[in-house]
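Understanding the architecture of this molecule
Listed below are the residues making up each chain.
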Amino acid sequence: MKQVLGTVLVLAAGTAFAQYDAEDGYVRMKQSDRYYGTTSTSWNQVGNWDLAEFTAATNYYVPAGMYLWAGNAAGDWKGGPIVFAGQLLARNSSGGLPNLPKIDDATFLGGSEIFEIMNTGGLRDSNAKILAPKDNPFLVRSASAGATYSGTLYFPGTVFSGDAETGVRLYVQTSYNAGKFYLDACNFAGYLGTVTADGSDVTVVPRGESGGLAFGGAFVVNGATVNAAVSAADWT
């Protein structure tokens, strides 16, 4: 494992989180959405939320073991702040980057995940607060479903934040294709935790003309391929 652009920081154990239930002002997801067969999504509609009317005047919570599907052309999230202990399926099969989901106030807890499964996924112009500890990181997963799919994730204009004890892991679930993670220099420039590019199927590519990436904390490369503002010979 190779560590660059920062120092790996030791975690404090026992980080506690709120329950994110009705008493805390959060509407919980009752069951996962479906992106195949009879599709269903809870993006900007009642869907599988435990409420009678979708509104921007409430907070939302996706429990562990459940996922919210953002739809094929999600656009802006129109609800209130949303917290993930579970997953966000950010698969976008129409409209390209402009139709990636956008969330102004998203929080990701330990073991939460954003993933794509067909072509393009990610978050656009979003604010993503990471509360996941380094030993149970926020997961960014490429899950290309077959050899014909690209398995790419983009985060155009998205800003991640988190303290030195938090962690993010970029990884690929399957080996059909090497997953590509296109990062903007701004994505993790202010993030103080550890970002790990994990596995030989992972390729991290700067999006934009500068060819550079910025990390406010540690960037750990574990067998991944990274193209950045350093010599390609430095990465194996």
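Report follows, based on the coordinates. Note that the coordinates shown come from a computational prediction; the quantities given were computed from them, not determined experimentally.

Here we come to the overall build of the chain. A count of helices and strands for the chain gives zero helices and 20 strands. When burial is assessed residue by residue, the chain has 50% of its 236 residues classed as buried. Look at the contacts in the chain between residues 6 or more apart in sequence, and 68% of them connect residues 24 or more apart. Just so you have it, the chain exposes about 10100 Å², and 49% of that area is on carbon and sulfur atoms.

On to the nonpolar core, then. Membership of the largest hydrophobic core comes to 47 residues, with the highest contact counts inside it found for Trp49, Ile82 and Leu88. The element contributing the most residues to this core is strand β15 (residues 167-172), with three residues. Residue contacts for Trp49: discarding those within four places in its chain leaves Val27, Arg28, Met29, Lys30, Ser42, Phe54, Tyr60, Tyr61, Val62, Leu68, Trp77 and Ile82.

This model, assessed by the stated rule, comprises 19 aromatic pairs. Centre to centre, the rings of Tyr20 and Tyr61 are 5.4 Å apart; their planes meet at 15°, and the pair counts as stacked. Of this pair, Tyr20 sits in the loop between β1 (2-4) and β2 (26-28) while Tyr61 sits in strand β3 (residues 59-62); the two residues are 41 residues apart in sequence, bridging distant segments of the chain. Tyr61 gets classed as buried once you look at its relative accessible area, which sits at 9%.

What follows deals with the sheet that holds β3. Backbone hydrogen bonds hold the strands of a sheet together, and the pairing may be parallel or antiparallel. The six strands are arranged β2-β3-β5-β8-β11-β14 in an open sheet whose pairing can be described as parallel. Edge positions in the open sheet fall to β2 and β14 (159-161), since each of these has one partner strand only. Sheet twist, expressed as the average angle between the axes of neighbouring strands with direction ignored, equals 25°. Here β2 pairs with β3 via three bridges, running parallel. Looking at β3, one finds that Tyr26 is bridged to Asn59.

Reading guide: rules and limits
Residues numbered from 1 in each chain as written. Predicted model: local features only at pLDDT ≥ 70, side-chain atom pairs only at ≥ 80, totals over all residues. Heavy atoms only, no water. Helix = DSSP H or I, 4+ residues; strand = E, 2+ residues; numbered from the N terminus. Buried < 20%, exposed > 50% of the residue type's maximum accessible area, 1.4 Å probe, protein only. Contact = heavy atoms within 4.5 Å. Areas by Shrake-Rupley, 256 points an atom, 1.4 Å probe, with all protein chains shown as cover. Core = buried A, V, L, I, M, F, W, Y, C linked by side-chain atoms within 4.5 Å. Phe/Tyr/Trp six-rings, centres within 6.5 Å; stacked < 30°, edge-to-face > 60°. Pairing = 2+ DSSP bridges. Axes fitted to C-alpha atoms, helices over the stretch in contact; angles between N-to-C directions.

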